[in-house]
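Summary of the model geometry
If you want the building blocks of each chain, they are given just below.
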Amino acid sequence: MTTPLKNISCRRCQSRKIRCDRVAPRCDKCESIGAECTYVPRKPRTKKQASDTNENGVLSDVLRRLERLEDRWGLEKSPDINDHGDIPTSLSSSNIDQPLCSDNSHAPTIPSVIESILSRIKDPQSRALLFSNVFSHLRTVESSFFENERCTGAIAAAMSEIEYLQNAAADPTPTIPEIPKEATRSFIQNYYECYQFEGFKIPLEKGFLLSIPDLLDNPHVQLDYTSQIIYHTIRLQGIILDPRPYKDNGSLIRHLYRKCLALSDFWLENIQNAYPDLFVAVLMTSMALEACDSDVAWKMLGHACKIAKALGYFSVDGNPEGTDGQPPLTERLNINEIETDKNRKRFEFWHLLRTDCLFRLSFGKPTLMPAGSWKVNFPDPTITGIDDEGSRFIQIHFLASMRQALVVLKYLDWMDLAPDLDPVLHDATIDSFLQEVQLIMSDWNTDELVRMAKTQVDTWFCVDMVFSSYKFLVVLHQSKKCNQNRHKLPPQSVDISRKSVQMFQSIVGSSLHAFWGISLILLHQFIPFFILCLDIIGNPERPGIEADIISVTWISDYVQKMVEERTELTPVMIIMKAMVLACHRGRSCPS
């Protein structure tokens with residue numbers, strides 16, 4: 001007779017994040033499919049506790065500095081920090097050593113129903129795109145999503161349409177007119193006029209950038225790949241920031257994205273541990289996300305982290321040991337580094353850490369910045385110590401988004417280390433995370449900030465704060481044990497998703513010429529869109545459903561409009577249209 005084990009779940013159940021009955025020699029899940037079942041005893045906690053103490057000391061100092069910065073803006077102290085400056089043990093990051101750049105995705109296991117649907121797509125690149133940019137975002141809604149036949153039927157129909165389009169003859173590549181030199185110089189000027197900040201300072205002089213159009217026409221001049229990528233990126237940003245409509249704007253933007261991605265292969269062959277290459281690696285992370293390639297984006301982030309560590313970004317306020325037992329060479333040479341340069345490094349480091357959390361939360365990637373590998377305080381958000389009204393929203397975005405990033409970090413590390421908690425304790429911990437995010441939104445009045453923003457750059461920063469908060473709140477509600485394995489979505493998730501979708505419609509719909517990009521859809525609106533669709537399909541007769549159908553239909557139509565210029569979004573658009581169609585059918589023919 002088999003008896004439950006006292007150790008943790010088996011390896012297979014842990015990797016799939018499913019409940020294990022811990023029965024020897026094989027648990028019920030492994031027994032049902034004839035899989036190998038291996039148990040690993042719990043590790044002793046003495047060393048871990050010592051490590052936690054060290055990590056908490058670093059993060060305690062970081063949080064105290066953040067508290068002082070927020071006090072300067074008139075905010076109250078976060079309840080996360082007690083009178084002694086201590087923080088909960090759950091704030092410490094995982095100690096598992098990870099390489100700074102890895103080819104392994106570590107993406108979550110695909111549920112069998114989706115694996116079957118995805119198998120219809122013969123092209124492996126398309127399958128990877130759909131999983132990374134669609135289904136990896138839906139890990140927190142699996143319990144509801146994969147039980148609904150109308151939803152899975154809609155996705156299956158979408159896969160058939162995607163497969164049909166892939167087998168059809170490809171359209172000829174459109175001819176993209178090159179941007180005239182004077183227009184290029186105008187876009188570069190526009191970039192400098194609209195966006196000036198000491199963090200992530202452009203490593204090329206403005207005069208040199210303005211001369212590049214002529215240099216590229218000179219057969220005797222060969223521009224290095226780092227400078228070319230920076231030049232094309234500044235051109236792209238200048239087009240995006242220009243409030244005036246420009247002929248073939250979308251096609252030009254797509255052309256420049258592809259140009260930069262093509263150049264990145266040559267750039268990687270000559271990459272160095274220098275600030276210009278760090279700048280390009282960060283740019284290419286965003287570029288790849290905008291090109292619907294989260295795997296390439298993650299690898300670019302890996303390169304950015306490697307360069308940053310070599311340049312001393314991981315040890316601005318301490319001396320973590322390197323592989324040779326010594327601080328990085330640059331740290332030993334720059335003992336008297338001026339405070340402005342340190343602040344710039346701090347600002348850029350925390351941007352990298354927040355991006356690392358984004359990949360962990362949205363795509364299931366492992367951390368590239370493990371605990372113990374860094375010691376960096378928060379910077380003065382002005383970088384120089386001189387408060388500039390023109391960069392006020394950038395400073396607000398930094399303080400609010402970094403405070404949220406710490407909550408995300410706590411949540412991710414806690415989910416990695418505590419998979420088998422009692423459901424009541426599990427939900428109580430999730431509730432504490434929810435309270436922290438809601439407090440951040442209340443302290444900074446994020447919804448009001450969106451209405452206060454006057455420029456497109458300021459609006460971008462505010463929109464990122466608001467939508468990232470909404471998405472994380474939905475993820476937290478879906479992660480509660482009491483909301484899993486039930487046929488209806490938690491009302492809190494539906495309400496937050498509705499608010500996010502409605503705000504997206506209001507902001508984007510009122511901006512005639514503003515460019516919002518693909519990442520706003522995939523990273524911020526995809527989960528709220530699906531949550532709302534799932535609730536419509538599952539509750540076709542509930543009050544207020546007509547307004548929700550209008551909202552999801554509007555977003556689907558907006559994405560379809562984007563596809564006219566950004567064809568890489570086509571598979572995502574097809575899936576969204578299929579979900580909206582299922583919403584309309586469910587309304588007319590309730591089950």
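Located above this text is the structure these notes cover.
Figured I'd write up the structure that's included with this text. (Residues numbered from 1 in each chain as written. Predicted model: local features only at pLDDT ≥ 70, side-chain atom pairs only at ≥ 80, totals over all residues. Heavy atoms only, no water.)

Within the chain, the regular secondary structure consists of 23 helices and zero strands. Burial analysis of the chain (591 residues in total) assigns 54% to the buried set. In the chain, of all internal contacts separated by at least 6 residues, the share reaching a separation of at least 24 is 74%. (Helix = DSSP H or I, 4+ residues; strand = E, 2+ residues; numbered from the N terminus. Buried < 20%, exposed > 50% of the residue type's maximum accessible area, 1.4 Å probe, protein only. Contact = heavy atoms within 4.5 Å.)

The next thing to look at is the side chain of Arg 344. Among the secondary structure elements, Arg 344 is positioned in helix α15 (residues 339-363). The exposure class assigned to Arg 344 is buried, which follows from its relative accessible area of 14%.

On to the packing of helix α10 (residues 225-241) against helix α12 (residues 275-290). One can describe the packing of α10 onto α12 by two numbers: an axis separation of 10 Å at closest approach and a directional angle of 50°. Classified by the angle between their axes, α10 and α12 sit oblique to one another. Where α10 crosses over α12, the two elements pack in a sense that is left-handed. Taken together, the residues of α12 that come into contact with α10 (itself represented by Thr 226, Ile 229, Ile 230, Thr 233 and Leu 236) are Pro 276, Asp 277, Phe 279, Val 280, Leu 283, Met 284 and Met 287. (Axes fitted to C-alpha atoms, helices over the stretch in contact; angles between N-to-C directions. Parallel < 35°, antiparallel > 145°, perpendicular 65-115°, else oblique. Left-handed = near helix turned anticlockwise from the far one by under 90°.)

With 19 residues, helix α22 (residues 545-563) extends 27 Å between its outermost C-alpha atoms, agreeing within 8% with the 27 Å of an ideal straight helix rising 1.5 Å per residue. Residues of α22 that are buried: Ile 545, Asp 548, Ile 549, Ser 551, Val 552, Ile 555, Ser 556, Tyr 558, Val 559, Met 562 and Val 563. (Expected span 1.5 Å × (residues − 1).)

Next up on the list: the environment of Ala 158. By the element assignment, Ala 158 lies in helix α7 (residues 149-167). Taking the relative accessible area as the measure of exposure, Ala 158 reaches 1% and is therefore buried. Beyond its immediate stretch of four places on either side in the chain, Ala 158 contacts Ile 574, Ile 575 and Ala 578.

Within the largest apolar cluster, 166 residues are counted, with the highest numbers of intra-cluster contacts made by Met 159, Leu 209, Trp 350 and Met 579. Filtering out sequence-adjacent residues up to four positions away, Met 579 remains in contact with Cys 151, Ala 154, Ile 155, Phe 529, Phe 530, Cys 533, Leu 534 and Ile 537. If you look at the next biggest cluster of nonpolar residues, it comprises eight residues, including Cys 13, Cys 20, Ala 35 and Cys 37. (Core = buried A, V, L, I, M, F, W, Y, C linked by side-chain atoms within 4.5 Å.)

Glancing now at the packing of helix α16 (residues 392-417) against helix α17 (residues 423-444). The geometry of α16 relative to α17 is characterised by a closest axis approach of 10 Å and an angle of 175° between their N-to-C directions. Comparing the axis directions of α16 and α17 gives the class roughly antiparallel. Across from Ile 396, Leu 399, Ala 400, Arg 403, Gln 404, Val 407, Lys 410, Tyr 411, Trp 414 and Met 415 in α16, the residues of α17 making contact are His 426, Thr 429, Ile 430, Phe 433, Glu 436, Val 437, Leu 439, Ile 440, Asp 443 and Trp 444. Classifying every residue of the contact of α16 with α17 gives 13 nonpolar, three polar and four charged. (Nonpolar A, V, L, I, M, F, W, Y, C, P; charged D, E, K, R; others polar.)

To continue, consider the state of the cysteines. Enumeration according to the criterion identifies zero disulfides in this entry. You can see Cys 583 has no disulfide; the closest cysteine sulfur is in Cys 533, sitting 3.8 Å from it. (Disulfide = S-S within 2.5 Å.)

Counting across every chain of the model gives 22 aromatic pairs. Relative to Phe 398, the ring of Phe 347 lies with its centre 5.0 Å away and its plane at 25°, an arrangement referred to as stacked. Taken together, the residues span a long stretch of sequence, with Phe 347 in helix α15 and Phe 398 in helix α16 at a distance of 51 residues. With respect to burial, Phe 347 and Phe 398 carry one shared label: buried. Considering the side-chain rings of Phe 526 and Phe 530, the 5.0 Å spacing of their centres and the 35° angle between planes classify their relative orientation as tilted. Of the two residues, Phe 526 and Phe 530 both sit in helix α21 (residues 519-538), four residues apart, roughly one turn of that helix. Overall, Phe 530 belongs to the buried group, its relative accessible area being 0%. Ring pairing ties together the aromatic residues Phe 200, Phe 314, Phe 347, Phe 349, Trp 350, Trp 374, Phe 378 and Phe 398, which thus form one cluster. (Phe/Tyr/Trp six-rings, centres within 6.5 Å; stacked < 30°, edge-to-face > 60°.)

As for its placement among the helices and strands, Asp 356 is situated in helix α15. Salt bridges are absent for the buried Asp 356, whose nearest opposite-charge side chain, Arg 360, sits at 4.8 Å. There is a polar contact of 2.9 Å between the side chain of Asp 356 and the backbone nitrogen of Leu 368. Asp 356 has contacts with Leu 301, Pro 366, Thr 367, Leu 368 and Met 369, leaving out every residue within four places of it along the chain. (Lys, Arg positive; Asp, Glu negative; His and termini not counted. Salt bridge = Lys/Arg side-chain N within 4 Å of Asp/Glu carboxyl O. Polar contact = N/O pair within 3.5 Å; in protein donor to acceptor, adjacent residues only side chain to side chain.)

Enumeration over the complete set of coordinates arrives at 21 salt bridges. Here Glu 436 and Lys 410 are joined by a salt bridge, their closest N and O atoms 2.7 Å apart. With Glu 436 in helix α17 and Lys 410 in helix α16, the pair connects residues that are 26 residues apart, well separated along the chain. We classify Glu 436 as buried; its relative accessible area is 12%. Residue classification places Lys 410 among the buried residues on the basis of a relative accessible area of 2%. Because the salt bridges share partners, they merge into one network encompassing Lys 181, Glu 182, Arg 185, Asp 214 and Asp 217.

Compared with the 36 Å implied by 1.5 Å per residue over 25 residues, the 36 Å span of α15 between its first and last C-alpha is a close match. Within α15, 19 of the 25 residues are buried, which leaves the element mostly enclosed by the surrounding structure. Just beyond α15, the residue with positive phi is Gly 364, at close to 70°.

Trans is the common state for peptide bonds, and a negative phi is the common state for residues other than glycine. Although it is not a glycine, Phe 200 sits at a positive phi angle of roughly 50°. Turning to its location among the elements, Phe 200 is positioned in the loop between α8 (181-194) and α9 (206-217). Note on Phe 200: relative accessible area 16%, which makes it buried. In this structure, Ile 383 takes a positive phi of about 70° despite not being glycine.

Shape is all these values report; function is a separate question.
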